[in-house]
Amino acid sequence: DVKVTQSSRYLVKRTGEKVFLECVQDMDHENMFWYRQDPGLGLRLIYFSYDVKMKEKGDIPEGYSVSREKKERFSLILESASTNQTSMYLCASSEQGRGNIQYFGAGTRLSVL
Amino acid sequence: AQSVAQPEDQVNVAEGNPLTVKCTYSVSGNPYLFWYVQYPNRGLQFLLKYITGDNLVKGSYGFEAEFNKSQTSFHLKKPSALVSDSALYFCAVRDMSDNTDKLIFGTGTRLQVFP
């Protein structure tokens, strides 16, 4: 089975802190994605990566950056956390190719105080 | 602009009754459509997808979905609902605006099955 592991289930940070969310997949997938999930808004794409060191902005990249130094790991970085970044963050991975399934991690619920 | 809509925030159904969760889409070209389910405090799990072929697609846990090109819909169905089907359901469509593998997700529909 495909496994996508997010390092933390729950995280509490303070405004202005630098926050790292880590995601690891074990299926050698080329694509990796970071979404945030908010009630009534569904899933919104923050960033995605289609190869090591490659990244593209999604729909809501402001306030976030990403790093993909190894194929299996995709990190989301909040350079200076703000309260409006309190949310559920979901990581996903997929093989390249149209119609391929995205596999999701369990999510990280981040609270910024 | 490409989009996917789930017009109902919540659907309530009695156990044993058929259920339908609605999804409509707007994309250029032939759509690639997906349904995912999210149980409490979990990530999304893939249910089924339509790429091409038979308009009726069968998926996990007894769910199926019907692709209707003329109505641009891809409604999720199950003949007999279970209490354990209670969850949040997301419809998604492949973003056809570029050559990436991005998906566009709907806002989700909460399904509540009552005993």
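Shown above is the structure to which this text applies.
Residues numbered from 1 in each chain as written. Chains lettered and ligands numbered in written order. Predicted model: local features only at pLDDT ≥ 70, side-chain atom pairs only at ≥ 80, totals over all residues. Heavy atoms only, no water.

Chemist: Help me out: how do you make sense of the state of the cysteines in this one?
Modeler: Note: disulfide means a covalent bond formed between the sulfur atoms of two cysteine side chains. Residues and elements named next belong to chain A. Summed over the entire model, instances satisfying the criterion amount to 2 disulfides over all chains. The disulfide that involves Cys 23 links it to Cys 91, with 1.9 Å between the sulfurs. Its S-S torsion of approximately -75° makes the covalent link between Cys 23 and Cys 91 left-handed. Placement of Cys 23 in strand β3 (residues 19-25) and of Cys 91 in strand β9 (residues 87-94) is noted, with a sequence separation of 68 residues between them. An identical accessibility class is assigned to Cys 23 and Cys 91; each is buried. (Disulfide = S-S within 2.5 Å. Helix = DSSP H or I, 4+ residues; strand = E, 2+ residues; numbered from the N terminus. Buried < 20%, exposed > 50% of the residue type's maximum accessible area, 1.4 Å probe, protein only.)

Chemist: Looking at this model, I keep getting lost on the layout of surface pockets. Mind explaining?
Modeler: Unoccupied space between atoms shows up once a probe the size of one water molecule is rolled over them. If you add up the space inside the largest pocket, you get close to 450 Å³. For the largest pocket, the lining is made up of 19 residues, of which Gln 37 and Pro 39 of chain A together with Gln 38, Leu 88 and Arg 110 of chain B are closest to its centre. Elements with a minimum of two residues in the lining of the largest pocket: β4 (31-38) and β9 of chain A together with β10 (87-94) of chain B. The residue inventory of the lining of the largest pocket, partitioned by class, reads 6 nonpolar, 8 polar and 5 charged. The computed volume of the second largest pocket comes to approximately 330 Å³. Taken together, 16 residues form the lining of the second largest pocket, with Tyr 103 and Phe 104 of chain A together with Leu 44, Gln 45 and Phe 46 of chain B sitting closest to its centre. Residue assignment for the lining of the second largest pocket shows that the elements contributing at least two residues are β10 (103-104) of chain A together with β6 (44-50) of chain B. Element by element, the count of residues in the lining of the second largest pocket is highest for β6 of chain B, at 3 residues. (1 Å grid on protein atoms, 1.4 Å probe; cavity = no way out; pocket = protein on both sides within 12 Å on 5 of 7 lines; lining within 4 Å. Points joined across faces, edges and corners; volume = space filled by probe spheres on them. Nonpolar A, V, L, I, M, F, W, Y, C, P; charged D, E, K, R; others polar.)

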